[in-house]
Amino acid sequence: MIDYNEKIRKRSACMGQDDFMTAPAQEITREGAWQAFMPLRSQAQTNGLTDMSLRDINEEIKSAGT
């Protein structure tokens, strides 16, 4: 049986990412997540990005990686 957690730990250690599997320093709450999301939503509306199709989103993601 493959232990995927062990494979991930080994791979991240090889890549110098020892803290890859650590949890956030503080607890994430629904209210905190909402407070983080709302400014992003507002910025997307300001920049005219709220009507993007899934295809457009995927193209943006691909172009950001190059």
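The structure we're discussing is the one just above.
Just so it is clear, the model here is predicted, and its values are computed rather than measured. Along each chain, residues carry numbers from 1 onward, in the same order as the chain's sequence is written. Totals for whole chains, interfaces and linings use every residue, but because this is a predicted model, local features are given only for residues with pLDDT of at least 70 and side-chain atom pairs only at 80 or more, for both listing and counting. Note: side-chain values were computed over all heavy atoms of the structure, leaving out hydrogens and water.

Caption draft 1: Highlighting the overall build of the chain. If you tally the helices and strands in the chain, you get three helices and zero strands. Taken from the N to the C terminus, the helices and strands of the chain come in the order α-α-α. Per-residue and other accessible areas were derived by the Shrake-Rupley procedure at a 1.4 Å probe size, with only the shown protein chains allowed to occlude residues. Only carbon and sulfur atoms are counted for the fraction: they give 54% of the accessible area of the chain, which is about 6,500 Å². Secondary structure elements are defined from DSSP: runs of H or I of at least 4 residues count as helices, runs of E of at least 2 residues count as strands, and each element is numbered from the N terminus.

Caption draft 2: Spotlight on a nonpolar patch on the surface. Among the surface-exposed residues, Trp34, Phe37 and Met38 lie close enough to one another that they form a single nonpolar patch of about 290 Å² accessible area. Here the term buried applies to any residue with accessible area under 20% of the maximum for its type, exposed to any over 50%, and partly exposed to those in between, with areas from a 1.4 Å probe on protein chains only. Exposure remark for Trp34: the relative accessible area of 45% places this residue in the partly exposed category. Patch membership requires more than 30% relative accessible area and the absence of a salt bridge. Residues of like charge join within 9 Å; the nonpolar side chains Val, Leu, Ile, Met, Phe, Trp and Tyr join within 5 Å. What makes a salt bridge here is a side-chain nitrogen of Lys or Arg within 4 Å of a carboxyl oxygen of Asp or Glu, nothing more.

Caption draft 3: Broad picture of the pattern of salt bridges. Using the criterion set out here, one finds one salt bridge in the structure. The closest approach of N and O atoms between Glu59 and Arg55, which form a salt bridge, is 3.5 Å. Taken as a pair, Glu59 and Arg55 lie in helix H3 (residues 54-64) at a separation of four residues, close to a single helical turn.

Caption draft 4: The packing of aromatic side chains, seen in detail. In summary, the pairing rule links any two rings of Phe, Tyr or Trp, Trp by its six-membered ring, whose centres are within 6.5 Å, and it sorts them by plane angle into stacked for under 30 degrees, edge-to-face for over 60 and tilted for everything else. Per the stated rule, a full pass over the model turns up one aromatic pair. Each ring, one from Trp34 and one from Phe37, has its centre 5.6 Å from the other, and the planes form 40°; the classification is tilted. Note that Trp34 and Phe37 are positioned in helix H2 (residues 30-46) at a spacing of three residues, about one turn of the helix. Classification of Phe37 by relative accessible area gives partly exposed; the value is 40%.

Caption draft 5: Layout of H2. If you check H2, its first and last C-alpha atoms are 24 Å apart, about what 17 residues at 1.5 Å a residue would give, namely 24 Å. A positive phi of about 70° marks Gly48, the residue just after H2. Every helix has an expected span of 1.5 Å times one less than the residues it contains.

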